[in-house]
Amino acid sequence: MTGKMTGDTTGDTTGDTTGDPGTRGGSAEPTGADAAGAPTAAARPPRWRRIWPLVLLLAGLGLFFALGLNRYLSFQALADHRDWLMAQVRDVPVLAALAYIASYAAVAAFSIPGGAVLTILGGFLFGTWLGTLYAVTGATVGAVAVFLAARTALGETLRARAGGAVQRMRVGFQENALSYLLFLRLIPVFPFWLVNLVPALVGVPLATYALGTFVGIIPGTLVYASVGNGLDALVTAGGTPSLGIIFQPAILGPIVGLGVLALLPVGYKKWRARRAGPQPPPEQQAPEQRPPKGHA
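Residues numbered from 1 in each chain as written. Predicted model: local features only at pLDDT ≥ 70, side-chain atom pairs only at ≥ 80, totals over all residues. Heavy atoms only, no water.

1. Focus: the overall build of the chain
- Along its length, the chain carries 15 helices and 0 strands.
- Residues counted as buried form 32% of the 296 residues belonging to the chain.
- Sequence separation of 24 or more characterises 78% of the internal contacts of the chain that already satisfy a separation of 6 or more.
- Counting only carbon and sulfur atoms, one obtains 66% of the accessible surface of the chain, whose full area is about 18000 Å². (Helix = DSSP H or I, 4+ residues; strand = E, 2+ residues; numbered from the N terminus. Buried < 20%, exposed > 50% of the residue type's maximum accessible area, 1.4 Å probe, protein only. Contact = heavy atoms within 4.5 Å. Areas by Shrake-Rupley, 256 points an atom, 1.4 Å probe, with all protein chains shown as cover.)

Encoded structure:
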């Protein structure tokens, strides 16, 4: 009897232990942070690999001024090279357009001051509408480069060290990301480089960021491109356009109005939430009010 019981017990225990896929040389089911896809210390790339895109952009900005290239982003340079620029647009229009878009993307990516001058140049060379399209395209490409560099270098660090207030700001911004981004892009008082960084640090999706940037900068770009379209007579007379034209009430007023319209969805959501009142946690709700559970 004892032998039989011992054999059965040993057999059951051995069978259960060796039959468990989690302990028989197989891989156990991932749990916790691994199951959620959170990066582990082994999977996280080295710090230098995360920060090198941002370092590259900062180095490009420094190199731009070190080589004195800033002198070409001026109306004097436009007047000096006017005939040559117009000849390039006339002889090789596609190549000229691509070169302009690439130059604008570099200016935006390296956060080089002079975007307004470059936008006026676009209107001067290509006309109001094509100048606006090319400038918006180049600016969006450059802004996306900054966004990706900042998100790679700083996004994970900020998430790890963010306190409660920062986390609440992140959640609020993410819930209404497109509306907030359109507002920041439309109102010309916010520096372009700053609006490139903030969405990356609060976790805005790339597609939302690109769309909000492209649409949000169209009105201001259109204003400066239209100035450039009428620049020929002014350059011939030796004059200089005013970069503060966008702050004139007749122009700034409609742009601010568009910014306010962009925030209407945010205001509506807050109004509905306040009207509905605080919601109890799911476990305290009536059965008919509880959200449906997922099926396995």
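Text resumes after the structure shown.
2. Let's talk about the environment of Leu-201
- Following the sequence through the fold, Leu-201 ends up in helix H11 (residues 192-201).
- On a C-alpha basis, the gap between Leu-201 and Leu-154 in space is 6.9 Å, while along the polypeptide they are 47 residues apart.

3. Points about the environment of Phe-173
- With respect to the helices and strands, the residue Phe-173 is situated in helix H9 (residues 164-175).
- A sequence separation of 29 residues divides Phe-173 from Val-202, and the C-alpha atoms of the two residues are 7.2 Å apart.
- Contacts of Phe-173, omitting those with residues within four sequence positions, involve Tyr-180, Leu-184, Val-202 and Val-204.

4. Re the environment of Val-260
- Mapped onto the elements, Val-260 comes out in helix H15 (residues 249-276).
- Separated by 78 residues in sequence, Val-260 and Leu-182 place their C-alpha atoms 9.5 Å apart.

5. Focus on the nonpolar core
- Formed by 32 residues in total, the largest nonpolar core has its most connected members in Leu-78, Tyr-100, Leu-118, Leu-121, Leu-125 and Phe-126.
- Looking at this core, the elements with two or more residues in it are helix H4 (75-80), helix H5 (82-91), helix H6 (93-109), helix H7 (115-126), helix H8 (128-161) and helix H13 (218-229).
- Element by element, the count of residues in this core is highest for H7, at 7 residues.
- Residues contacting Tyr-100, with those up to four places away along its chain left out, are Leu-118, Thr-119, Gly-122, Phe-126, Gly-131, Tyr-134 and Ala-135. (Core = buried A, V, L, I, M, F, W, Y, C linked by side-chain atoms within 4.5 Å.)

6. Considerations on unusual backbone geometry
- Phi at Ser-111 is positive, roughly 55°, even though this residue is not glycine.
- With respect to the helices and strands, Ser-111 occurs in the loop between H6 and H7.
- For Ser-111, a relative accessible area of 31% corresponds to the partly exposed category.

These results come straight from atomic positions and should not be treated as a statement about function.
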